[in-house]
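# Structural features, examined
Here are the chains, one letter per residue:
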Amino acid sequence: MEEGMESKQQPHLILAHNLFLLSHPDVDDIEKVRLREEVLSVVKSDDMASLYESLTTSGVLEKDAELLDSTKKRIEEEIKKLDEKIADAEENLGESEVREAHLAKSLYFIRICDKERALEQLKVTEGKTVAVGQKMDLVFYTLQIGFFYMDFDLISKSIDKAKNLFEEGGDWERKNRLKVYEGLYCMSTRNFKRAASLFLDSISTFTTYELFPYDTFIFYTVLTSIISLDRVSLKQKVVDAPEILAVIGKVPHLSEFLNSLYGCQYKSFFVAFSGLTEQIKLDRYLQPHFRYYMREVRTVVYSQFLESYKSVTMEAMATSFGVTFDFIDQELSRFIAAGKLHCKIDKVSGVLETNRPDARNAFYQSTIKQGDFLLNRIQKLSRVIDL
């Protein structure tokens, strides 16, 4: 990041979030008026000509030909100045100054949201860069472009490139930052288990404020952990984690969501869960997975409840969750049919009977199968040796 940007979210990612909210059906019209003004202000102040054109084409902003012309003129003038600085550095100064001049041009293209030219110029700058740390910084800039446009192919390739660079060296601070970038990528592509692991590894070393504030990071960590970790790991790594305890209260409903699940307070859990759904819906990284996440959380909570019983009446379960008998009946029927819950419903008596798979027996069968396979291989090998 640039100087002074370490503790501040990247303005382009704030802009991307505002653009996402402008297209969201659940955001009211008065809020959209404010967001539109904010977006226009940023687009004008940073001379984002290409973004302005695409926003006017899609009807998000009104077209102002005069504004567009003056913006394009300023861009041409600025590029000319940057090219002059590059030429001067190449003629009169050293290699590091040449690199700095090329980097300045890259950052300018990033600022004005010219994706193609920014990526092209970053490649040129990389060619002038020797130090692994500085090459890594260029990858972080590329990743930020990827997250602005939600270009998952670009993000995936950049993460792989960063990992290859780390094989040459690289400091721990940048390695830890990359974990958060990769975690965000995994969460955005529905790999919640990997995301939870990467986020939990980064809790005590978090410095990636350019992506999001620390309380948002904790929000993502708790959400991904709840559907990825077993009960014991959740207690050790999340419920009792001092870093999480310090900020969890800043995110509405999050503390109740986590603690009521762990404490088996299912009625409170559903209340907190419904409070969190709005935040999940209005998050540009989580919103595409909203329905999937809702299903996974309910699978976790229903499984946890049924874990304590061999059989239980549906009426008792409905009361525990603070919902109606019909709701729990429909929910469980869906989850059982999808193979998410190991139980069956006796509709006549209104009782749920659990039929959890026996893990020890399954392990025993698996061991026997592998043993047979190994013995067969040994017999085949002994025949070859005898010959």
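This one's a predicted model, so the numbers in the text were calculated from it and none came from an experiment.

About the cut-offs
- Along each chain, numbering runs from 1 in the same order as the chain's sequence is written.
- Where totals are concerned, whole chains, interfaces and linings use all residues; where local detail is concerned, this predicted model gives features only for residues with pLDDT of at least 70, and gives and counts side-chain atom pairs only at 80 or more.
- To obtain the side-chain values, all non-hydrogen atoms of the structure were included, while hydrogens and water were left out.
- Numbering of helices and strands runs from the N terminus; a helix is a DSSP stretch of H or I covering at least four residues, while a strand is a stretch of E covering at least two.
- Within these notes, the globule rule equals 2.2 Å times the number of residues to the 0.38 power, and the radius of gyration is based on C-alpha atoms.
- Exposed residues in this analysis have more than 50% of their type's maximum accessible area, buried residues have under 20%, and partly exposed residues fall in between, with area computed by a 1.4 Å probe over protein chains only.
- Note on contacts: a residue pair qualifies if any of its non-hydrogen atoms lie within 4.5 Å across the two residues.
- Only four residue types enter the tally: Lys and Arg on the positive side, Asp and Glu on the negative side; His and the chain ends are excluded.
- Where a charge lies is defined by one atom per residue type: Lys uses NZ, Arg uses CZ, Asp uses CG and Glu uses CD.
- Aromatic pairs are defined between Phe, Tyr and Trp rings, using the six-membered ring for Trp, whenever the two ring centres lie within 6.5 Å; interplanar angles under 30 degrees are classed as stacked, those over 60 as edge-to-face, and all others as tilted.
- Working rule: Lys NZ or Arg CZ, within 6 Å of ring centre, within 35 degrees of ring normal, means a charge sits over the ring.

## With respect to the overall build of the protein
Secondary structure assignment for the protein yields 19 helices and 3 strands. In terms of C-alpha radius of gyration, the protein reaches 27 Å, well past the compact-globule figure of 21 Å for 387 residues. Considered along the principal axes of its C-alpha atoms, the protein spans approximately 85 × 80 × 40 Å. Counting across all 387 residues of the protein, residues that qualify as buried make up 44%. For the protein, contacts bridging at least 24 residues in sequence account for 59% of all contacts bridging at least 6. Of the charged side chains in the protein, 51 are positive and 60 negative, and the gap between their average positions amounts to 7 Å.

## Observations regarding the packing of aromatic side chains
All chains considered together, the criterion is met by 30 aromatic pairs. Geometrically, the ring pair formed by Phe-192 and Tyr-293 is edge-to-face, given 5.8 Å between the ring centres and 65 degrees between the ring planes. One end of the pair, Phe-192, is in helix 10 (residues 192-202); the other, Tyr-293, is in helix 16 (residues 290-307), with 101 residues separating them in the sequence. Note on Phe-257 and Phe-273: the rings are 5.6 Å apart at their centroids and 25 degrees apart in plane angle, and the pair reads as stacked. One end of the pair, Phe-257, is in helix 14 (residues 254-262); the other, Phe-273, is in helix 15 (residues 266-281), with 16 residues separating them in the sequence. Through a chain of ring-to-ring contacts, three or more aromatic side chains come together here, namely Phe-140, Phe-147, Tyr-181, Phe-199, Phe-206, Tyr-209, Phe-212, Tyr-214, Phe-217, Phe-219, Tyr-220 and Tyr-285. Geometry around Trp-172 places Lys-175 over its ring, the cationic atom sitting 4.8 Å from the centre. The cationic tip of Arg-177 hangs over the ring face of Phe-140; the distance from NZ or CZ to the ring centre is 4.2 Å.

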